[in-house]
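Here is what each chain is made of, one letter per residue.
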Amino acid sequence: MSCQLNLLAYFQDVRSVKRYLFPDQVEEQKKEDNFEGWDDEDWSWKENDQEVDNKESILLSWLQDCHVSLSPTGDLLVLAKDDRIVHLGQKWDSQDEDVQTKYDKLFEGSIIQDEGERITCVLCLPLASQKRSTHGGPDWTCVIVGFTSGFVRIYTENGTLLLSQIFSEDCITRIKCHTYTPPRHEGDGERHEELTVLYSKSLVTIDGFSFFQSLKACKNQVARAAASGSELLQPPPLAYKKWALLEQEQIMDYTPCVPVVPNAFDQMRVDCVNIGCNASYKNVLPASYLYVTTGVGPYANFYYTVHGSSQPLLSDVAHAVATKLKSAFLSAASGWLGLGRHTPDNARDKKRPKIEPATPLGARFGLYDKRRVGESVLPSPDGRLAVITDSFGRVILFDVRGGVAVRMWKGYRDAQLGWLEAKEEQSQESESSAASSGATLFAASSPLRRSYFLVIYAPRRGILEVWATQHGPRVAAFSVSKWCRLLCLGYGIMGLNNVTCHNVKIPIHGLYLIDLDGSVKTINVPFHLALSDKNSKRARDMHLLKQLKTLLKENINESGALQSDVIETLLDIKMASIRQQGLERLLHTKYLSTGFLQGVINAVSQQMETLMAEQDESSVECIDFESRMLLQFCRFHQLLIGTYASLGRLVPCSEETGNKGGSSETLLTLLHLSLNELEAVTATVKKFLTLVENELHVSFKSDQSLSIVDFVSCFECRVRKLEEKDKEGENVETVSSALTAAILPNLSEAKRIKLANFIFRTGFCSSPNADYVQLLSESSIPPADLMSLLLQVWLHSDRRTLQEVPSLYSLALCITKLGDSDVGNWWSSYRKSCAQSPNICSALMLALVGRSIAKDQKETAMSGSSGSGTFELLADWETVTFDQEHWSDLVKQLEDLLVLHCLLKMKPFHESLNRASANPDPIVVSLRRVLDGGKGIIPEFVAKWISGNGIPPYLLCPTDDDAPQVKGHDPKTSVHYQRQVSLQHPSRRVAFQKSKSLSLSASPLIAQLQDVQHCFPHTLSSDVLMANCAWEFVVIWNRDPEVVYPLEQALAYLKCIQNAVLQHGLATMIWQMFAVKKLSSAAFLTEKVGKAPKDRLCRKDVGLSEVSLEKFLMRTVDLLEIIIQASVDSHEVPVFKVEDLWQNIQGPTSLVELAVEQKEANADLVEHHYALSVILHAILHFSMKSIKPLSLFDTKGKNAFFKPLHSLPLLSYRVADESIVSARTQFLSRVITQAVIALGERPISASLSSSAADSSPSLGGNFQQLAAGSDSVRWPVRVSKLAETFGIATDVLTRHRVVELYSSGLDRMAEEVLLTVSDHSAMGVDLLTIAGQRLSHFIFVCDPPGNLEKLAKCSTDVSTWIKTMDPSLVRCPNPPLSATATLLGHVVNELSEGQSEYELALELVDLVHLLM
């Protein structure tokens, strides 16, 4: 492996670039090309060959005459000449097969602003991005241009000027930059970012951080100005330091080197040399930077710029003060004497910016050579070395810290230099602690090294050389064009720091070679070329390994030639560890076949055995440890490849035979089951498989084939140590040659399944024959790993059938025979796998097979040990009993869970049921999850299934005719018996009045649920199931509160709970966890706005829409009513039992146990919250305005809100504040009015109104039945409860309701309520007003003929009173006169004879009869 010159990119159109930069040469070339004819002089023999060569060199040296700069990231290339500049941007061209990266024009133009100025240097500088997506990468690239006028101007990629500043009126010679570089070694300082500009006699340094921030601000300003069309603002000038470089006649080039870390010894040595023995010592040493310049007189100079300041000495302070006083005295004296005065020069340009004077900087030392002129200087990447070219054609390498020349190259006139850094490649070796573990022991990893190479381009000879520094030989040489341009950048991306510098992923090249044809090339030098012959053995092998990787990567198919090249390369590698890496890379190449790999490994193994034979030794001890590990590696993979080939050959035979399946007699014999047990298992498995087949699912055909690469990658080599004793009794350790192919412990599940399918597909197709058993035994795969794979592949599918059980039995029995000594330790992990699998059906079959095999083995062992002692027999019998008990419990538990799994796989048969959750999450059930999930895990599964499918409670409680009967099952524990009890409660009768068709359609579902209850009679009792269903519905509602249907179903299930203690505890939990927070938000929001809040505010503060919030408040009222009713009922605390088979369940406390542990709620506090909930519901339901709900309560009542229901805050319902009492009465009256208005807008059938025959103690009428049919009728009942709670006289509200009913024309309902009024006199007066308004409307608005004449016959008082009535105040002013006559009859009955209105009522009765 040697150096490479790689082609990176091409110019898209190199002719156009040359044509623009050198228009004169192009015109001359055109004239020569277009000239045709004869010229006598052309035939002369006196042609001047030198003149032709000069003309040709002028045309070809255009690239040498340009100022060229290329970005380190390669995205921008700039060429400039005189006043013209061209920007070339990187472009991807997918059509070009050779080079897909091209440089195309982004900008070209003249950027001269002052007359006579020319471009002297250019620099492309990429700036780091601050975005998260490209953090650490380049954002954009700026172009820095220096001019002869002294200006430095900065442009964008498209030629937009960002910044222009002048630091000196001299011509700019060079512009250089160095970016952030972390310290390479301990004790080195960080190399911070800096931009430097060299003038003829001064050096300007600009801090990189401030420069980066200024460029960002300038670009943002340009972008804003371009978007808005405004003018650009003048950016502030850059902060800089200016040094006047003294003690050198002419400076041709310079370079900034590494920062100099303060060192006391070096400081004292320098002071002694420069100052002498009188130099003073300084305690605090400042840091400094080294700048090396080259030119004339001296040839090289070394300048040190001090950064910071040191602690001054007292003598230095005194000297500085004296110098200052002397300067001030001389200035004053010159003014007195009239010296130094001058008039300002008006000819000077006042617009030129002020230029700061330079700070003098003297050279610390220099290298003097009068005749030698330094032309260029270039530092190494670490700044410790530098190379200088001179006028004598020499290239001299300097140690910049010591200031001495360490090497010189001759014969390189006009040379161009560059540096390359090569890093040592990362080794992929690993370590092992002992040979018995089976891994390979490799050398410990060491820190990666790096080396530097000097690249010299000699244009006169057309050669590019690569030299190893400092004393190394030439390692490579390339023949190139004589007109190339070598660019060594020496910097990276500006704007990075010690964190972001590690995130740069874009390759940054430090060296480019640009050819005359526009090709851009890079140089790649391997690290091993810097090593000596003693250390290059490993580097050589590493590069042979890299060559092997490249060879495998470039090919896509195997061939004989490829195999020969691979074998040759591997055998050429000397080190065993690196050769093993090559074999590992070979084993990871997917397109290689088994024969290819086997041939390569056999060749390597044969070479190792030949080496052992040459040493006349048959033992592996004669070779080194790494070679032994390589030989072991080869033998191990030979074994694996042979096993893979044998398994592949067995597949066609097994597919032809096929699996005949097992009959019932076979299963009875193999599984040791009775006929009833087999029938029960068969029926349950068939039902489950039918449900699985009916599921809608999308499956893709998976590739079951396993390549040799994937097969080998699944195993690791393990070597067992054996101890043998010789005749003398001494222990001798010998390493067994038999290797074990153990499965990787961290192998992914997908790979394990694929491997198991490949190994056992022969056994699943038919019963394993002798050849297959022998192959498994010779494969060196541990039987424990084979059993683990068998369990995993069987449990991976949930579609296993009983016909596959005989094959499973045969495979398991075969594997147990292979590992006869360790089988006893397998069964616990066997049962653990069955318990952890979510595929219950497959786990049940596997458990039956395992129980049968374990039973047969124990019986065989017991029969074989019949001759042993009695004590041993008893111990063995006890072990067998415990083991069989574990198997029996496992099988029974899996059978119960399979019945539960069948229920969870079922779907409702009616489309309207699935409303709670559009896509319910799948319920994953396993025996381990049940045993660790607590006592409430099984009802939680069933409740999740019910809630996910939106099954209402009435489907779980069908009629007696539809209820299936289960033999041997207590009917009192089922939901069917509880339904009859629940219907006896009047408040819960409503929940089951639904369509019978839905119940009949769900009868298979109910039957399966009853089967599950038969398996879990205690765990799935009615109250427990209802409680879990209520909770799961609330959880679903909490996920999406906009859909209130789950909350309604939750309350319906909550009402079905019979035990009051459980019902009360669960209701308080729902209140505290889900309801109280939203209720408090709604209350405070309504209090703030003083009316029913709009939809936007509801969503913002409560998280619900306006409609959903109203429904939520209605269900909150229902929830509090349930708590109130449960507090009134008295029941014993329930005891929740668990079935005997499931007594070992452990885990968190169940939901019902938490519910019964809840503290009893404070009845007064519940009533308090109930009142607030009713008020809020009324405000939102009727869209009431000008009402603040919390103002209806006093301070104690406000402070008591939203506290835990079991707390005991101070409450006082019957407040003494008359304003609160008046506000409450007014609010309740408004609620009654709105309820009656809503009732009038939605007519109620006569049967509904006539059914209210029973009267309530307060308002009258059997409104409990009406509440089930209309919300508008429910409100008076709630108002009555609130009135009693607030201590307000209900008779006032009753009279108001009667008036509102008559005003709406609902006379029948008003008559029923009228019977409950106590204050008849006041009632009569109110009704008299209603009657008067009706008569006024009939007489004056309807105006039938003769009405006025009949009114004239009445007394003056009657006619005057009727005229004062306003019929517009009545909502229904035109009922039949018969209804008005009846109303007046009730008025007469309500009024006493002594009242003044009584006579008026009698006269109105006569008037009505007269009008009729």
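Owing to the predicted nature of the structure, the values given are computational and were not obtained by experimental measurement.

Moving on, we come to the overall build of the chain. Helices and strands together make up the secondary structure of the chain, namely 46 helices and 31 strands. When each of the 1412 residues of the chain is scored for burial, the buried share is 48%. Summarising the internal contacts of the chain: among those between residues at least 6 apart in sequence, 72% fall at separations of at least 24. A total accessible area of about 70,400 Å² is found for the chain, and carbon and sulfur atoms account for 51% of it.

Let's shift gears to helix α16 (residues 749–765). Since one α-helical turn is 3.6 residues long, residues separated by three or four positions face the same way. Over its 17 residues, α16 extends 23 Å from the first C-alpha to the last, a length consistent with the 24 Å expected when each residue adds 1.5 Å. Where α16 bends most, the angle comes to about 50 degrees, and this point is I759. Of all the residues in α16, the buried ones are R752, I753, L755, A756, F758, I759, F760, T762, G763 and F764.

Every regular strand shows the same layout, with side chains that alternate between the two sheet faces. Across the eleven residues of strand β14 (residues 250–260), eight count as buried, placing the element largely inside the fold. Relative to strand β15 (residues 287–296), β14 runs antiparallel, the two being bridged by eight bridges. Within β15, the position partnered with I251 by the bridge is G295.

Strand order across the open sheet formed by four strands is β23-β24-β25-β26, with antiparallel pairing between neighbours. Strand pairing shows two members of the sheet lacking a second neighbour, β23 (416–423) and β26 (474–479), which therefore form its edges. Geometrically, the sheet is characterised by an average inter-axis angle of 20 degrees between neighbouring strands, direction not taken into account. Two elements, β23 and strand β24 (residues 450–458), share eight bridges in a ladder whose sense is antiparallel. Looking at the pairing, W419 lines up with L454 of β24.

The subject of this paragraph is the sheet that holds strand β20 (residues 385–390). Read from one edge to the other, the open sheet built from four strands follows the order β19-β20-β21-β22, with strand pairing classed as antiparallel. Only two strands of the sheet have a single partner each, and these edge strands are β19 (374–379) and β22 (404–409). Neighbouring strand axes in the sheet, compared pairwise and without regard to direction, differ in orientation by 25 degrees on average. Relative to strand β21 (residues 395–399), β20 runs antiparallel, the two sharing five bridges. Residue pairing across strands places I388 opposite I396, the latter belonging to β21.

Turning our attention to the pairing of strand β25 (residues 463–468). When you tally the buried positions in β25, you get six out of six residues, the bulk of the element. As paired strands, β24 and β25 are joined by six bridges and run antiparallel to one another. The residue bridging I456 from the neighbouring strand is E465, located in β25. In this structure, the hairpin formed by β24 and β25 is closed by a connection of four residues, where G462 is found at a positive phi of approximately 65 degrees. Pairing between β25 and β26: five bridges, direction antiparallel. Opposite I463, over in β26, you have S479 as the bridge partner.

Our next topic: the nonpolar core. Membership of the largest hydrophobic core comes to 255 residues, with the highest contact counts inside it found for I759 and F760. In terms of residues, this core owes the most to one element, helix α30 (residues 1060–1089), which gives 13 residues. With sequence-adjacent residues up to four places away left out, I759 is seen in contact with L647, Y772, L776, I781, L786 and L789. Within the second largest apolar cluster, 51 residues are counted, among which are I175, L195, L489 and V520.

With that out of the way, let us pick up the environment of K1350. Looking at the secondary structure, you find K1350 in helix α43 (residues 1347–1352). Between the C-alpha atom of K1350 and that of L1411, which follows or precedes it by 61 residues, the distance is 7.0 Å. What K1350 contacts, discounting residues up to four positions off in sequence, is L1407, L1410 and L1411.

One can describe the packing of α30 onto helix α32 (residues 1106–1128) by two numbers: an axis separation of 9 Å at closest approach and a directional angle of 150 degrees. Helix-helix and strand crossings are classified by hand; for α30 and α32 the assignment is left-handed. Between α30 and α32, the contacting residues are A1060, Q1063, H1064, A1067, T1068, I1070, W1071, A1075, K1078, L1079 and A1082 on the first element and L1109, F1112, L1113, T1116, L1119, L1120, I1122, I1123, A1126 and S1127 on the second.

About the criteria used
- Residues numbered from 1 in each chain as written.
- Predicted model: local features only at pLDDT ≥ 70, side-chain atom pairs only at ≥ 80, totals over all residues.
- Heavy atoms only, no water.
- Helix = DSSP H or I, 4+ residues; strand = E, 2+ residues; numbered from the N terminus.
- Buried < 20%, exposed > 50% of the residue type's maximum accessible area, 1.4 Å probe, protein only.
- Contact = heavy atoms within 4.5 Å.
- Areas by Shrake-Rupley, 256 points an atom, 1.4 Å probe, with all protein chains shown as cover.
- Expected span 1.5 Å × (residues − 1).
- Bend = angle between axes of the 7 residues up to and from the residue.
- Pairing = 2+ DSSP bridges.
- Axes fitted to C-alpha atoms, helices over the stretch in contact; angles between N-to-C directions.
- Core = buried A, V, L, I, M, F, W, Y, C linked by side-chain atoms within 4.5 Å.
- Left-handed = near helix turned anticlockwise from the far one by under 90°.

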